[in-house]
Amino acid sequence: MTSKLLTLAAVFFAATTFAARAEDDAGKNEYMNACAICHGESAQGNGQFAELLNVDVPGLTGLTAANDGEFPFLKTMMIIDGRTGVRGHGGPMPIWGDRYQASMLEERGLVGAEIYARGRLVALVEYIQTLQE
């Protein structure tokens, strides 16, 4: 019985550790999949597509410094999301929140899609916050 209990405890620990690790990586994965191509892997504004755009791609590591030492979490989320009236780069930035919402409509229904999209955006912005200099 003790060995079964220890095995069960080890499986539970491994599963929760894996889930926590996946959650920790969610924002980085979002960034690498949706942002790094323009903003660069190090968020310096030097991604592979940056030179192809007709607007300057900003670095994202100085957002806290530009806001008197406070990371502009909500503003950053609103710029990425694009649905709240704050348009990134004057408009050409993709509306990632809408893209994520649209991809989830069939699977989770409208309410679930919105929650899922917001969760992905929050994870992304939390990751960007870790990149601040």
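Residues numbered from 1 in each chain as written. Predicted model: local features only at pLDDT ≥ 70, side-chain atom pairs only at ≥ 80, totals over all residues. Heavy atoms only, no water.

Attention shifts here to the overall build of the protein. Tallying secondary structure elements over the protein gives four helices and zero strands in all. Ordered by position in the sequence, the α and β elements of the protein form the string α-α-α-α. In the protein, 44% of the contacts between residues at least 6 apart in sequence involve partners at least 24 apart. (Helix = DSSP H or I, 4+ residues; strand = E, 2+ residues; numbered from the N terminus. Contact = heavy atoms within 4.5 Å.)

Here the phi dihedral of A43 falls at roughly 65 degrees; this positive angle occurs in a residue that is not glycine. Relative to the assigned elements, A43 resides in the loop between α2 (36-39) and α3 (73-81). For A43, a relative accessible area of 0% gives the class buried. (Buried < 20%, exposed > 50% of the residue type's maximum accessible area, 1.4 Å probe, protein only.)

What follows is about the nonpolar core. In this structure, Y31, I80, L124 and I128 are the most contacted members of the largest nonpolar core, which totals 15 residues. When residues of this core are traced back to their parent elements, those giving at least two are α1 (2-34), α3 and α4 (96-130). (Core = buried A, V, L, I, M, F, W, Y, C linked by side-chain atoms within 4.5 Å.)

Let us now look at the pattern of salt bridges. Under the definition given, this model contains two salt bridges. For E30, the salt bridge identified is with R120, shortest N-O distance 2.7 Å. One end of the pair, E30, is in helix α1; the other, R120, is in helix α4, with 90 residues separating them in the sequence. A salt bridge links D81 to R118; its shortest N-O distance comes to 2.8 Å. Of the two residues, D81 is situated in helix α3 and R118 in helix α4; the sequence distance between them amounts to 37 residues. (Salt bridge = Lys/Arg side-chain N within 4 Å of Asp/Glu carboxyl O.)

Let's shift gears to a nonpolar patch on the surface. Among the surface-exposed residues, I37, F49 and L52 lie close enough to one another that they form a single nonpolar patch of about 290 Å² accessible area. Looking at where L52 falls in the secondary structure, it is placed in the loop between α2 and α3. (Patch = residues over 30% accessible without salt bridge, like charges linked within 9 Å, V, L, I, M, F, W, Y side chains within 5 Å. Areas by Shrake-Rupley, 256 points an atom, 1.4 Å probe, with all protein chains shown as cover.)

Exposure remark for D81: the relative accessible area of 0% places this residue in the buried category. Engagement of the side chain of D81 in a polar contact is seen with the side chain of R118, the distance being 2.8 Å. (Polar contact = N/O pair within 3.5 Å; in protein donor to acceptor, adjacent residues only side chain to side chain.)

Within a pair of aromatic rings, the relevant descriptors are the distance that separates the centres and the angle that separates the planes. Across all of its chains, the model carries two aromatic pairs by this definition. Judged by centre distance (5.7 Å) and plane angle (45 degrees), the rings of Y31 and Y127 are tilted. With Y31 in helix α1 and Y127 in helix α4, the pair connects residues that are 96 residues apart, well separated along the chain. Each member of the pair, Y31 as well as Y127, carries the same accessibility label: buried. (Phe/Tyr/Trp six-rings, centres within 6.5 Å; stacked < 30°, edge-to-face > 60°.)

Moving on, we come to the confidence of the model for the protein. Averaged over all residues, the pLDDT of the protein equals 77, while 60% of them reach at least 70. Between the elements of the protein, mean pLDDT differs from a low of 62, seen in α1, to a high of 94, seen in α2. Taken as a whole, residues 8-21 scores under 50 in pLDDT and shows zero contacts with residues more than four places along the chain or in a different chain. (pLDDT = per-residue confidence, 0-100.)

What follows deals with the environment of L52. We classify L52 as exposed; its relative accessible area is 63%. Residues L52 and C38, 14 residues apart in the sequence, show an inter-C-alpha distance of 9.2 Å.

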